[in-house]
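Examining the three-dimensional arrangement
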Amino acid sequence: PSGTIGRPALGGARPQIGTTVTLGTNSNVRGLNIVGAASTGIAASGKSGLVVSEVSVATTTGTAASFSGSGGTLTFTSISANGGANGILLSGVTGSFDVTGTGTTDGSGGTIQNTTTRGASFINATNVTLKNMNFTNAATADFPAGPTGLSLGVNTGDNAAIHLQSVTGATLDNLNIAGSAEQGINGHNVSGFVLKDSVLSGLGNGPDEDGIHFYNMVGTSSITNTLISGSGDDNINIQNNNNLPAD
């Protein structure tokens, strides 16, 4: 009708932005593709009430998603990064963080590759779900070169494709994790860990470098329908000692 404001067509392509999206308190971001290069894709620090949904992020040497001291419901269709130190970096984040992909399609949740330190790092986080993602050579730096002391909880500094530290609720579903110079999945004080329908291969290249390398996997946890092979040392190394300090 006359005077109607033009609106985007329904079902069209998502809008795309090529710079860092920095969230403020109570930000709500939906239906967006973020394509960065050396810059961070999406970030928030010290913000609450965040809502992210139907968002895909892809960067090269920049961290794709970085959240610290923040909280909300963060749901991504896919997250990809190629190079840089980290692909996903969360510290002190409450609420939930999900990468969904599409259905059960391999890789539809994104590919994190060629990161030097960690493909994805979650420290003091809750309700983390990664689904349908690839992690390829997602920890290229061999640090520490000779890891020791897992039974004492000395693994918080280890590089890994996926690092989980002081995390409550972590579900890894249909992941392909291939190649790491240190650990595959490195965990420290993780409650409610679920790994299913995944393939882990070629993770670690020396003693005490494992496919799954955990200190204190507690609560109701499970590893099902998952193939782990070719690890530097153990395919699975879990050591529980709940009498020691958390960190």
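Cut-offs applied
Residues numbered from 1 in each chain as written. Predicted model: local features only at pLDDT ≥ 70, side-chain atom pairs only at ≥ 80, totals over all residues. Heavy atoms only, no water. Helix = DSSP H or I, 4+ residues; strand = E, 2+ residues; numbered from the N terminus. Buried < 20%, exposed > 50% of the residue type's maximum accessible area, 1.4 Å probe, protein only. Contact = heavy atoms within 4.5 Å. Areas by Shrake-Rupley, 256 points an atom, 1.4 Å probe, with all protein chains shown as cover. Lys, Arg positive; Asp, Glu negative; His and termini not counted. Charge placed at Lys NZ, Arg CZ, Asp CG, Glu CD. Salt bridge = Lys/Arg side-chain N within 4 Å of Asp/Glu carboxyl O. Core = buried A, V, L, I, M, F, W, Y, C linked by side-chain atoms within 4.5 Å. Phe/Tyr/Trp six-rings, centres within 6.5 Å; stacked < 30°, edge-to-face > 60°. Pairing = 2+ DSSP bridges.

**Describing the overall build of the protein**
Helix and strand counts for the protein stand at 0 helices and 19 strands. Seen through its C-alpha atoms, the protein measures out along the principal axes to roughly 70 × 30 × 30 Å. Buried positions account for 47% of the 247 residues belonging to the protein. Across the protein, contacts joining residues at least 24 apart in sequence account for 57% of those joining residues at least 6 apart. On the protein, roughly 10100 Å² of surface is accessible, and the fraction owed to carbon and sulfur atoms is 52%. The protein carries 7 positive and 14 negative side-chain charges, and their two centres are separated by 23 Å.

**Some remarks on the pattern of salt bridges**
Oppositely charged side chains are able to pair whenever their charged atoms sit close together. All chains considered together, the criterion is met by 1 salt bridge. We note a salt bridge from Glu54 to Arg30, for which the minimum N-O separation is 3.1 Å. Of this pair, Glu54 sits in strand E5 (residues 50-59) while Arg30 sits in strand E3 (residues 28-35), placing them 24 residues apart in sequence. Overall, Glu54 belongs to the partly exposed group, its relative accessible area being 38%.

**Overview of the nonpolar core**
Core analysis: the biggest nonpolar cluster contains 50 residues, and Phe67, Phe76, Phe97, Phe122, Leu130, Phe135 and Ile185 have the highest contact counts within it. Here the element with the most residues in this core is strand E12 (residues 160-173); it accounts for 6 residues. Excluding residues within four positions of it along the chain, Phe122 makes contact with Ile88, Leu90, Phe97, Val128, Leu130, His163, Leu164, Gln165 and Val167.

**With respect to the packing of aromatic side chains**
Taken as a whole and assessed by the stated rule, the structure comprises 4 aromatic pairs. Ring centres of Phe193 and Phe214 lie 4.9 Å apart, and the angle between their planes is 55 degrees; on these two criteria the pair is classed as tilted. Taken together, the residues Phe193 in strand E14 (residues 183-196) and Phe214 in strand E16 (residues 212-218) connect sequence positions 21 residues apart. Put simply, the rings of Phe67, Phe76, Phe97 and Phe122 touch in pairs and so form one group of aromatic residues.

**What to know about the environment of Gly230**
Mapped onto the elements, Gly230 comes out in the loop between strand E18 (227-229) and strand E19 (236-239). Counting along the chain gives 206 residues from Gly230 to Gly24, while the straight-line C-alpha distance between them is 44 Å. The residues touching Gly230, leaving out its near neighbours within four places in the chain, are Gly202, Leu203 and Asn235.

**Let's talk about unusual backbone geometry**
The step from Phe143 to Pro144 runs through a cis peptide bond, and the omega angle for that step is -10 degrees. Inspection of the secondary structure puts Pro144 in the loop between strand E11 (134-136) and E12. Unusually for a residue other than glycine, Glu54 sits at a positive phi of about 50 degrees.

**Some thoughts on the pairing of E12**
Within E12, 12 of the 14 residues are buried, which leaves it mostly tucked inside the rest of the structure. Where strand E10 (residues 118-131) meets E12, 11 bridges bridge the pair, whose relative direction is parallel. Counterpart to Ala125 in the pairing with E12 is Val167. As judged from the 11 bridges shared by E12 and E14, these two strands associate in the parallel manner. Across the sheet, Leu172 pairs through a bridge with Leu195, a residue of E14.

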